[in-house]
Amino acid sequence: MFFTIFAVYFSAVLEILKTRRELTGFLQGRREQGHSVGLVPTMGALHEGHLSLIARSRKENRSTVCSIFVNPTQFNDPEDLRKYPRPITLDIRKLEQAGCDALFLPGVSEVYSGTEEWELDTGELEGILEGEFRPGHYRGVTQVVSKLFELTDPDRAYFGQKDYQQYLVISRMVQLLSIPVQLVCCPTVREADGLAMSSRNVHLSPEERSAASLLSRTLFAIRDMAPEVPPEQAKEKALDLLSASPLILPDYLVIADASTLRSVGSWDEAPAIIALLAAKVGQTRLIDNLFIKGTV
Ligand code: AMP
């Protein structure tokens, strides 16, 4: 009896909130108790990368809300949207184990009214790199994240460095719209062989999975070359490395100023320099990045 009460009292209870109303009610209760709120927006298929964001939020806030919403407006490829993994029962178990306080799990009609326009222009950042290969992607991202911010009004929101350009675009949105939230960029969590964890990794065949580690190895090779080898030469050598695998087809590889994502010609050009790449490994498109100098 004692143990049952003990377990119920101390095990974190995950509230599953499917509507805006339920979310608002939950947050009101927490705010009345004086809780700070951390938000972790995700599209689910949770892995250790997502869970590191939850852990960080739990450290810094009294209450943590994770959202799982596969946002249709940020997919420019309908097949990618259809194929996106949605293991919700497993995700709920992981969130319970991680001690997350609430899961916001809305359906599409709960988030969008149907005929919505979203026109926020975050400038050059949203049109380059991922923006070039996935036109409209960041419009969809800012659209959904602004909604999540409006609904949750979090003190802090947690994003992964894995999607560094996304973090920069959201930072710009927060600045443009004067949203009172503190953004936290968390380190990329990697598999033992260096591959950045991603919900899309499940699509890799065993051969592709093995080839995929070349992406992070290439980024680490650039870091090893700096500062002796200039950025342009380091990039060429990195592309040579990638070309060693016939399964890898790069979309881009840049060595850039970490605040603008514009390519740099020398290691002195910016206080923080980052290498970013995107490539198809078989049919699966993966991205990764690494700070070569400085940090976020
Ligand atoms: P997603 O579900 O892919 O939209 O990702 C949700 C959040 O988790 C985003 O802020 C991502 O940057 C972050 N994230 C995804 N993969 C990782 C990873 N390997 N390490 C750290 N954060 C990650």
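The rules behind these values
Residues numbered from 1 in each chain as written. Predicted model: local features only at pLDDT ≥ 70, side-chain atom pairs only at ≥ 80, totals over all residues. Heavy atoms only, no water. Axes fitted to C-alpha atoms, helices over the stretch in contact; angles between N-to-C directions. Helix = DSSP H or I, 4+ residues; strand = E, 2+ residues; numbered from the N terminus. Parallel < 35°, antiparallel > 145°, perpendicular 65-115°, else oblique. Left-handed = near helix turned anticlockwise from the far one by under 90°. Contact = heavy atoms within 4.5 Å. Nonpolar A, V, L, I, M, F, W, Y, C, P; charged D, E, K, R; others polar. Pairing = 2+ DSSP bridges. Core = buried A, V, L, I, M, F, W, Y, C linked by side-chain atoms within 4.5 Å. Buried < 20%, exposed > 50% of the residue type's maximum accessible area, 1.4 Å probe, protein only. Phe/Tyr/Trp six-rings, centres within 6.5 Å; stacked < 30°, edge-to-face > 60°. Expected span 1.5 Å × (residues − 1). Near = heavy atom within 4 Å. Polar contact = N/O pair within 3.5 Å; in protein donor to acceptor, adjacent residues only side chain to side chain.

J.: Requested: an account of the packing of helix H10 (residues 206-225) against helix H11 (residues 231-242), with residues and values cited.
T.: Contact pair H10 / H11: the axes reach a minimum separation of 9 Å and the direction vectors enclose 155 degrees. In terms of their interaxial angle, H10 and H11 are classed as roughly antiparallel. Helix-helix and strand crossings are classified by hand; for H10 and H11 the assignment is right-handed. Residues Leu214, Leu215, Thr218, Ala221, Ile222 and Met225 of H10 pack against Ala234, Lys237, Ala238, Leu241 and Leu242 of H11. Residue composition of the contact of H10 with H11, grouped by class: nine nonpolar, one polar and one charged.

J.: So what's going on with the sheet that holds strand S5 (residues 156-160)? Residues and values would help.
T.: What the six strands build is an open sheet, ordered S1-S4-S3-S2-S5-S6; its pairing is parallel. Edge strands, defined here as strands with exactly one partner in the open sheet, are strand S1 (15-17) and strand S6 (182-186). Strand after strand, the sheet turns through a mean of 25 degrees between neighbouring axes, direction not considered. Pairing analysis gives six bridges linking strand S2 (residues 37-42) to strand S3 (residues 63-68), with the strands arranged parallel. Opposite Gly38, over in S3, you have Thr64 as the bridge partner. Contacts from helix H2 (residues 20-32) reach S1, S2, S3 and strand S4 (102-104), with the element oriented near 140 degrees to S1.

J.: Before we move on, could you go through the nonpolar core and cite the residues and values that matter?
T.: With 45 residues, the main nonpolar core has Val65, Phe149, Tyr164, Ile170, Leu183 and Leu276 as its most contacted residues. Residue contributions to this core peak at seven residues, all from helix H9 (residues 164-176). Excluding residues within four positions of it along the chain, Tyr164 makes contact with Ala258, Leu261, Ile274, Leu276, Asn289, Phe291 and Val296. Membership of the second largest hydrophobic core comes to 28 residues, among which are Leu195, Val229, Leu253 and Ile273.

J.: I'd like to hear about the environment of Gly127, residue by residue, with values.
T.: Relative to the elements of secondary structure, Gly127 occurs in the loop between helix H6 (108-111) and helix H7 (130-133). Expressed as a C-alpha distance, the spacing of Gly127 and Leu214, which sit 87 residues apart in the sequence, is 27 Å.

J.: Run through the packing of aromatic side chains, naming residues and quoting values.
T.: All chains considered together, the criterion is met by six aromatic pairs. Relative to Tyr167, the ring of Tyr164 lies with its centre 6.2 Å away and its plane at 35 degrees, an arrangement referred to as tilted. Residue Tyr164 and its partner Tyr167 are both found in helix H9; the two are separated by three residues, about one turn of the helix. As far as burial versus exposure is concerned, Tyr164 and Tyr167 are alike and both buried. Ring geometry for Tyr164 against Phe291: centres 5.5 Å apart, planes inclined by 85 degrees, an arrangement best described as edge-to-face. A residue pair is termed long-range when its members are at least 10 positions apart, and Tyr164 in helix H9 and Phe291 in strand S9 (residues 284-293) qualify at 127 residues. The exposure classification of Tyr164 matches that of Phe291, with both residues buried. Taken together, Tyr164, Tyr167 and Phe291 form an aromatic cluster joined through their ring pairs.

J.: Which residues make up helix H8 (residues 137-152), and what are the values?
T.: The periodicity of an α-helix, 3.6 residues per turn, causes residues three or four places apart in sequence to face the same way. In this model, H8 (16 residues) spans 23 Å end to end at C-alpha, consistent with the 22 Å of a helix rising 1.5 Å per residue. Following H8 by one or two positions, Asp153 has its phi on the positive side, about 45 degrees.

J.: Account for the site of the ligand, with residues named and values stated.
T.: In the region of the ligand, 17 residues are neighbours, and Met43, Gly160, Asp163, Val189 and Met197 sit closest. Between an oxygen atom of the ligand and a main-chain N or O atom of Met43, the distance comes to 2.9 Å. Between the ligand and His50, the relevant distance is 2.9 Å, taken from an oxygen atom to a side-chain nitrogen or oxygen of the residue. Breaking the shell around the ligand down by element, the ones donating at least two residues are S2, helix H3 (48-60) and S5. Classifying every residue of the shell around the ligand gives eight nonpolar, seven polar and two charged.

J.: Go over the pairing of strand S8 (residues 273-281) with me, naming the residues and quoting the values.
T.: In terms of burial, S8 is largely enclosed, as eight of its nine residues are buried. Two strands pair when backbone bridges link them, and strand S7 (residues 248-257) and S8 are joined in this way by nine bridges, in the antiparallel orientation. Residue pairing in the sheet places Val254 in a bridge with Leu276 of S8. Relative to S9, S8 runs antiparallel, the two being bridged by nine bridges. Across the sheet, residue Leu277 finds its bridge partner in S9, namely Asp288. In this antiparallel pair of consecutive strands, S8 and S9, the connection spans two residues, and Gly282 shows a positive phi of 65 degrees.

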